[in-house]
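# Working through the structure, step by step
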Amino acid sequence: MKYKHIVILSGAGLSAESGLRTFRDNNGLWEEHRVEDVATPEAFHQDPDLVQRFYSERRVQLEAVEPGAAHRALAKLQLAFEGTVTLVTQNVDDLLTQAGATDVLHMHGELRKVRCLKCHTSHRWLKACSQETACPGCGAAPALRPDIVWFGEMPKHLETIYTALGSCDLFVSIGTSGHVYPAAGFVQTVAEAGYAERLELNLEQSQGSHMFTENRFGPAGELVPHWVDEVLKG
C-alpha cells in the first residue's frame, strides 16, 4: 500500500456539479445576496430575519440536489481504503454524507444544523428556522442561529485537522480556489513538513497550485473517480 493516511480537502468545486451555487461568485454574491449581508455575525445582529430566511431557503435548495460522482467516489475511498482517509470540507452541504462518507469534518459548519446561543447545543435541522423558533434543547427563543462559520469566526475542527495534516503521507485538494484561509494554507503546512505528497484536483489552477507536487485539471466528476480507482488498485 503506497499511502497509509490520506487527508482530503474539498471546496465548492466538488458540489457545483450537483447544482449548488458556489459560496461567492465573481460579483461577491451568494445566491444574489451580498456575502456581508448574510454571512457575518454583524449581519445576523442587524437583520436576523433576513439571515434566518436566507439559510432556510438554502436548506430547501439542498432537497433538490443529489451527490455527484465525485462525492460517491470519495465515500467509496473512505470505506474501501485500507489506511485512513480524513475528509475535510469547506462546503456546508451534506452531500458527502448522503453519498455514504463518514466522519466528515465540516470546518465551515453545516446548513442542516442550527446552534442555540443560550445552551450552546447544536441540532440537526431540516426545515425553516426563524427568530420565533424555540430551541429543542432548552426551549429558549429567540436563541437559534445557523450553525455556519461566518466571516470573522473561528473554523471548526482545526485541532483535529492540523493533527491529521501532520501525520498524512498524501494531501489532496479538490475543487477549491485557494483564496480562503486557513484552508488555503493547508498545502503549505504539509509542504513545510517535507515528506507528504500533495495532489491538486481542480477545474483550473488555484492560487496555491505551485505548492502541489502534482496537478490535474478538469471536472471533479471525472477527475476524482479516476483518481480513487488508481488509489484502490494500488
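Computed from a predicted structure; not experimentally measured.

### Some words on the sheet that holds strand S5 (residues 105–106)
Strand order in the open sheet made by the six strands is S5-S4-S1-S9-S10-S11, with parallel pairing throughout. Two strands bound the open sheet, and with one partner strand each, they are S5 and strand S11 (214–217). Two strands pair when backbone bridges link them, and strand S10 (residues 197–202) and S11 are joined in this way by four bridges, in the parallel orientation. Across the sheet, Asn-202 pairs through a bridge with Phe-217, a residue of S11. Here helix H5 (residues 69–80) sits on the sheet in contact with strand S1 (5–10), strand S4 (84–89) and strand S9 (170–174), set at roughly 145° to S4.

### Structural notes on the UniProt feature "binding site: substrate" (unreviewed entry) in the protein chain
As annotated by UniProt and renumbered to match this structure, "binding site: substrate" (unreviewed entry) occupies Tyr-55 and Arg-58. With respect to the element layout, Tyr-55 can be found in helix H4 (residues 48–62). Take Tyr-55: its relative accessible area is 1%, and that puts it in the buried class. Separated by 2.7 Å, the side chain of Tyr-55 and the backbone oxygen of Val-38 make a polar contact. By the element assignment, Arg-58 lies in helix H4.

### Quick look at the packing of aromatic side chains
Under the criterion given, the structure shown has five aromatic pairs. Their ring planes at 45° and their centres at 6.2 Å tell us that Tyr-55 and Trp-150 sit as a pair that is tilted. You can see Tyr-55 sitting in helix H4 and its partner Trp-150 sitting in the loop between strand S8 (144–148) and helix H7 (158–167), a full 95 residues away along the chain. Grouping residues by exposure puts Tyr-55 and Trp-150 together as buried. Judged by centre distance (6.3 Å) and plane angle (15°), the rings of Phe-171 and Phe-212 are stacked. Of the two residues, Phe-171 is situated in strand S9 and Phe-212 in the loop between S10 and S11; the sequence distance between them amounts to 41 residues. By relative accessible area, Phe-212 is classed as buried at 10%. Ring-pair connections join several aromatic residues into one group, and the members of that group are Phe-44, Phe-54, Tyr-55 and Trp-150. Taking NZ or CZ as reference, Lys-127 lies 5.1 Å from the ring centre of Trp-125, over its face.

### Considerations on the nonpolar core
Ile-6, Ile-8, Leu-74, Val-172, Ile-174, Val-224 and Trp-227 are the most contacted members of the largest nonpolar core, which totals 26 residues. Elements with a minimum of two residues in this core: S1, H5, S4, S9, S10 and helix H9 (220–233). Here the element with the most residues in this core is H9; it accounts for six residues. If we ignore the near neighbours within four places in the chain, the residues touching Ile-6 are Phe-81, Thr-84, Val-85, Thr-86, Asp-169, Leu-170, Val-172, Trp-227 and Val-231. One finds Met-107, Cys-168, Phe-186 and Val-187 within the second-largest nonpolar core, a separate group that totals 17 residues.

Calculation criteria
Residues numbered from 1 in each chain as written. Predicted model: local features only at pLDDT ≥ 70, side-chain atom pairs only at ≥ 80, totals over all residues. Heavy atoms only, no water. Pairing = 2+ DSSP bridges. Helix = DSSP H or I, 4+ residues; strand = E, 2+ residues; numbered from the N terminus. Contact = heavy atoms within 4.5 Å. Axes fitted to C-alpha atoms, helices over the stretch in contact; angles between N-to-C directions. UniProt positions renumbered as here; feature names shortened; annotations may be inferred. Buried < 20%, exposed > 50% of the residue type's maximum accessible area, 1.4 Å probe, protein only. Polar contact = N/O pair within 3.5 Å; in protein donor to acceptor, adjacent residues only side chain to side chain. Phe/Tyr/Trp six-rings, centres within 6.5 Å; stacked < 30°, edge-to-face > 60°. Lys NZ or Arg CZ within 6 Å of the ring centre and 35° of its normal. Core = buried A, V, L, I, M, F, W, Y, C linked by side-chain atoms within 4.5 Å.

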